[in-house]
Amino acid sequence: VQLQASGGGLVQAGGSLRLSCAASGRTISDYGMGWFRQAPEKEREFVAGINWGGGSTSYADSVKGRFTVSRDNAKNTVYLQMNSLKPEDTAVYYCAAARKLFGSSRYEENEYDYWGQGTQVTVSS
């Protein structure tokens, strides 16, 4: 499975961006998917996750109510809608796939089997 994240960019505080993660090589319709981010000089952290069918989602406390994760299995793509962006959301965002068939919406970072290359999100104040 190859994952390609896109949609990052520069946005002012309060603005919105939608990230996409397109998968190729195999369907991801039965995989749990996650979004992570890594800010400069910080550890990579979980942002949001979604289970195989889209019926279960998980969010980091820092993004609850502002970010929404979704998926379109017909397009083999996962999305992260980010609203009310803050400067502290600035980071490289990564999508990841957990090869746990029909599993849950969140796993430990080391349980994700495939990672995208990352897309930069910069939020100016």
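See above for the structure.
All of these numbers come straight from a predicted model, not from anything done at the bench. (Residues numbered from 1 in each chain as written. Predicted model: local features only at pLDDT ≥ 70, side-chain atom pairs only at ≥ 80, totals over all residues. Heavy atoms only, no water.)

Enquirer: An account of the packing of aromatic side chains is requested, with residue identities and associated values reported.
Expert: If you walk through the whole model with that rule in mind, you get seven aromatic pairs. With a centroid separation of 6.3 Å and 5 degrees between ring planes, the pair formed by Tyr31 and Tyr114 is classed as stacked. Taken together, the residues span a long stretch of sequence, with Tyr31 in the loop between β3 (17–24) and β4 (32–38) and Tyr114 in strand β10 (residues 114–115) at a distance of 83 residues. The exposure class assigned to Tyr31 is buried, which follows from its relative accessible area of 3%. Note on Tyr112 and Trp115: the rings are 6.1 Å apart at their centroids and 65 degrees apart in plane angle, and the pair reads as edge-to-face. Residue class for Tyr112 comes out buried when judged on its relative accessible area of 5%. Its relative accessible area of 26% is what places Trp115 among the partly exposed residues. These aromatic residues form a ring-pair network of at least three members: Phe36, Phe46, Tyr107, Tyr112 and Trp115. Over the ring of Tyr94 we find Arg44, and its NZ or CZ is 5.3 Å from the ring centre. Against the face of Trp115 rests Arg44, its NZ or CZ located 3.9 Å from the ring centre. (Phe/Tyr/Trp six-rings, centres within 6.5 Å; stacked < 30°, edge-to-face > 60°. Helix = DSSP H or I, 4+ residues; strand = E, 2+ residues; numbered from the N terminus. Buried < 20%, exposed > 50% of the residue type's maximum accessible area, 1.4 Å probe, protein only. Lys NZ or Arg CZ within 6 Å of the ring centre and 35° of its normal.)

Enquirer: Describe in detail unusual backbone geometry, supporting the description with residues and values.
Expert: A positive phi angle, near 65 degrees, is found at Glu41, a position not held by glycine. Its location among the elements puts Glu41 in the loop between β4 and β5 (45–50). Assessed through its relative accessible area of 86%, Glu41 is described here as exposed. Even without glycine at this site, Asn76 takes up a positive phi of about 55 degrees. By the secondary structure assignment, Asn76 is in the loop between β7 (67–72) and β8 (77–82). Residue class for Asn76 comes out buried when judged on its relative accessible area of 12%.

Any functional reading would require information beyond the geometric quantities listed.
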